[in-house]
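Results of the structural survey
The residues making up each chain are set out below.
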Amino acid sequence: MAARPPLRYDADHTVEYEVVRHEPATAQTRAAMIFLAPAAGLISVFFLIPVLASLILSLTDFDIYAVASLGNARFVGAGNYIRLVHDPVFWKALVNTFYFALVGGPLTVAASLGAALLLSSKLVRWQGFFRTIYFAPFVTTLVAVAIVWKYLYHPQYGLLNFALGKIGVHPIDWLGDPHWAMPAIIVMSVWKNFGYNMLIFVAALQSVPQELYEAAELDGANAVKRFWHITVPMLGPALAFVGIVTMIGYFQLFSEPYVMTQGGPLRATTSVVLYMYEEGFRWWRMGFAASIAFVLFIIIAIATMIQRRFVKAEA
Amino acid sequence: MGAEGEVVQKLIPEFERRHPEVRVRIQQMPWTAAHEKLLTGFVGDATPDITQLGNTWVPEFQTLGALEPLGDLVRASKVIDSTDYFAGVWRTNVVDDTLYGVPWYVDTRLIYYRKDLLAAAGVTEPPRSWAAWREAMLKVQKAKKAKWGILLPTNEWGQVIALGLQKGAPLLSGGGRYGSFSDPKFAEAFHFYVSLYKDGIAPTVSSNEISNLFQEFEKGTFAMFISGPWQVGELRKRLPASMRDSWAAMPLPSPDGSNYPGASLAGGSSLSMFRASKHKKEAWALIEFLNEPEQQAKFAALTGDLPGRESAWKLAKLDADPQTRAFLTQLRNVEPTPKVPEWELIATRVFETVERVVRGRASEKDGLASLDADVGRILEKRRWLLAHR
């Protein structure tokens, strides 16, 4: 506020009231600055500067040779991004990631909402017990989960194929067949993640006033109608939160394919993040990997904006 | 690294007794972290004096300028006699005519097979040519002794590259500037390899999907698999005692049966010295010590690794053991893979191409052509650097 022009002196009217009105605001701003400084400092050191650095990195071909001598890094401008556009593996990874996020995301939300509705129903006993059971997969280490599911999916000895065999379905090579590998990973992820969202929905459902349901019931609305016209609108903010968080998480798909399939077969489960990891930390092509990271960043930003718009329109 | 890092501790007291002024500090690390640790150590100017280095990593660290040339030291050495080492493995340590490492222990790939199943199908002698090898696998399948002739995981590149090297395929051309996988020599090896899948001799599975290799081998799911020396110990440990003589190892067949055995990959670990070392004299003394035949033999007994020099094989009596003798035969004909830092990346592209062709996504010709194009792009940086050197 120091840059503000000095108040003009007016002989007829003293203007001191202006000063009185603004002084507290300036003090407040200063206080706010002080309180913000630690957070702002941390954000710029650990977020803004690294982001800027990786943006610059993405405009170079920094790689293992550049580790030896910086002179071996070249400025390539948009070269990495142009290469990405022509890179079939990147497109494959992008399609896989969208497949995972757009199929797995809604499935997870639906599964968690379904579980929450069941748990909130007055017919269910031992609700606390089931809540814990459903939540358990979420707090289990992903690597452990992935290894157990790998056994479940085993084409010869897996429990899943054994069960399918009982009803006459031929064994499916879940993780070894390019068509089945992604669905298999989606099913596992839904199972692993729905518990967390379910808890949020359970909490949100408790805040829906019972009178609404009673009134609707008196007006002759059936269960389906009550769900669509009361539950869903009342859950609006929770739905938006869960949807956005789940989707952002799913666009960053990495550990599941990394542990279970290494991105195969035929790259059917290579996600954008996995591809970025491979390029960056396995092959040390940091410049190229940084450009993948930026494209992913932009995709997530756009997807979040679309989703927010969508949710707002609905509300 | 790995088990070696642990075991080498036991050899050090003898060295320190002989060199009372030197103290050796060993840092152990798991294989999975070793590469990154060495690289970040180099960036942070915190490299050790000596390191064990997987010999496919030598070109990469040489490119970084991290390694000390050892040629003169070896020529002056009374302990290290290069003719006692396996020539193919020795060559993996030579980049641009300069030596950067001394082989410590070696490995290569060969075929483990179920002797009993093959004998039951009428195959009593290890096949010496590709045709005989294929025939043997078909026979064992036809006799219903094994479901598959051989396991060739779709995410491994060693097998097809070894076959290519047997044909004399250059793999890369122009001093490692371009891919040359469309070369007829490699194309023939590639065709043979792909046909093993297409004709139902090998299953199209990756190693991720084999939950227990030893169990499947025991059950006769496949009659052969290709792997390295560490499996000798594993098979002895994991198969029931009654099956001790049911399996054996054999060198790779050669394309037409002449020049048997066919070449395989030159692998293993070397001892290298970092250029930044401040104790080069002492470091070299330690490398020499660990390379004495007696120490190599002792080390082999402790780890089960195969020693880098033949005199140590005799001392450790490994040449008398029928299950390791196959390795001795094989190690006398091994070839290094191209010595460019990009090799591992290129190698993954090779098995991806195999998988694409096997699953019918590309013809052999198109697959190899796009592999070459891909490799050409990977090597672009290298071409630029070589042009500006």
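Above this note sits the structure.
First, a word on what this report is: a plain description of the structure on this page. Predicted model only: the values in this text are computed from it and were never measured. Starting from 1, residues in each chain are numbered consecutively following that chain's sequence as written. Think of it this way: whatever chain is written first is A, whatever ligand is written first is 1, and the rest follow in order. For this predicted model, a pLDDT threshold of at least 70 governs which residues receive local features, and a threshold of 80 or more governs which side-chain atom pairs are given and counted, while totals over whole chains, interfaces and linings are taken from all residues.

Some details on the overall build of chain B
The test is simple: Labels follow the DSSP assignment, with helices taken as runs of H or I lasting at least four residues and strands as runs of E lasting at least two, numbered in each case from the N terminus. Note that the radius of gyration is over C-alpha atoms, with the globule rule given as 2.2 Å times the number of residues to the power 0.38. Put simply, a residue is buried when 20 or more other C-beta atoms lie within 10 Å of its own C-beta and exposed when 12 or fewer do; between those, it is partly exposed, and each C-beta is set from the backbone.
Secondary structure assignment for chain B yields 19 helices and 14 strands. Its C-alpha atoms give chain B a radius of gyration of 22 Å, within 12% of the compact-globule value 21 Å for 389 residues. For chain B, the proportion of its 389 residues judged to be buried stands at 47%.

Describing the environment of Leu328(B)
Relative to the elements of secondary structure, Leu328(B) occurs in helix α16 (residues 322-331). Once the C-alpha coordinates of Leu328(B) and Thr108(B) are considered, the two residues, 220 residues apart in sequence, prove to be 9.9 Å apart.

Remarks on the interface of chain A and chain B
How we decide: It is the C-beta atoms, placed from the backbone, that decide contacts: two residues are in contact if theirs lie within 7 Å. Ten residue types, Ala, Val, Leu, Ile, Met, Phe, Trp, Tyr, Cys and Pro, are classed as nonpolar, four, Asp, Glu, Lys and Arg, as charged, and the remainder, Gly among them, as polar.
Taken together, the contact pairs 17 residues of chain A with 20 residues of chain B. Grouping the constituent residues of the side of chain A that touches chain B by class yields nine nonpolar, six polar and two charged.

Looking at the nonpolar core
To be explicit about the condition: In these notes, a nonpolar core means any group of buried Ala, Val, Leu, Ile, Met, Phe, Trp, Tyr and Cys residues linked to one another through C-beta atoms within 7 Å.
Counting 105 residues, the largest nonpolar core has Ile111(B), Ile150(B), Val160(B), Phe222(B), Ala223(B), Met224(B) and Ile287(B) as its most contacted members. At eight residues, helix α17 (residues 343-358) of chain B tops the list of elements feeding residues into this core. Those residues in contact with Ile287(B), other than ones at most four positions away along the chain, are Ile50(B), Val102(B), Leu271(B) and Met273(B). Grouped together as the second largest cluster of nonpolar side chains are 56 residues, Ala68(A), Ala146(A), Leu253(A) and Tyr275(A) included.

Re the packing of helix α8 (residues 181-206) of chain A against helix α11 (residues 236-251) of chain A
Helix packing for two helices is described by the angle between their axes and how far apart those axes are. Residues and elements named next belong to chain A. Heads up, the rule is: Think of each axis as a best-fit line through the C-alpha atoms, taken over the contacting stretch in the case of a helix, with angles from 0 to 180 degrees between the N-to-C directions. Reported orientations rely on four angle classes, namely roughly parallel under 35 degrees, roughly antiparallel over 145, roughly perpendicular from 65 to 115, and oblique for the rest.
Two elements in contact, α8 and α11, have axes whose closest approach is 10 Å; the angle formed by their N-to-C orientations is 170°. Here α8 is positioned roughly antiparallel relative to α11, judged by the angle of their axes. Residue-level contacts link Asn197, Ile200, Phe201 and Ala204 of α8 to Ala238, Phe241, Val242 and Thr246 of α11. Residues belonging to the contact of α8 with α11 are distributed by class as follows: six nonpolar, two polar and no charged.

Some details on the sheet that holds strand β5 (residues 110-114) of chain B
All names here are of chain B. What counts here: In this scheme, strands are said to pair when DSSP sees at least two bridges between them.
Strand order in this open sheet of four strands is β6-β9-β5-β10, and the pairing throughout is mixed. Two strands close off the open sheet at either side, each with one partner strand: β6 (148-151) and β10 (247-250). Taking each pair of neighbouring strands and ignoring which way they run, the sheet shows an average axis angle of 20°. In this sheet, strand β9 (residues 222-227) lies alongside β6 in parallel orientation, the contact comprising three bridges. Bridging across to β9, Leu151 finds its partner in Phe225. Sheet strands touched by helix α8 (residues 130-142): β6 and β9. Its angle to β6, the strand with the most contacts, is close to 130°.

Section: the sheet that holds strand β1 (residues 50-54) of chain B
Residue and element names in this part refer to chain B. Reading across from one edge, β1-β12-β4-β13 is the order of the four strands in this open sheet, with antiparallel pairing throughout. Edge positions in the sheet fall to β1 and β13 (306-307), since each has one partner strand and no second. When strand β4 (residues 102-107) meets β13, the two strands line up antiparallel, connected through two bridges. Pairing of Tyr105 across the sheet is with Pro307, part of β13. Against the sheet, helix α13 (residues 280-291) engages β1, β4 and β12 (267-273), with an angle of about 150° to β12.

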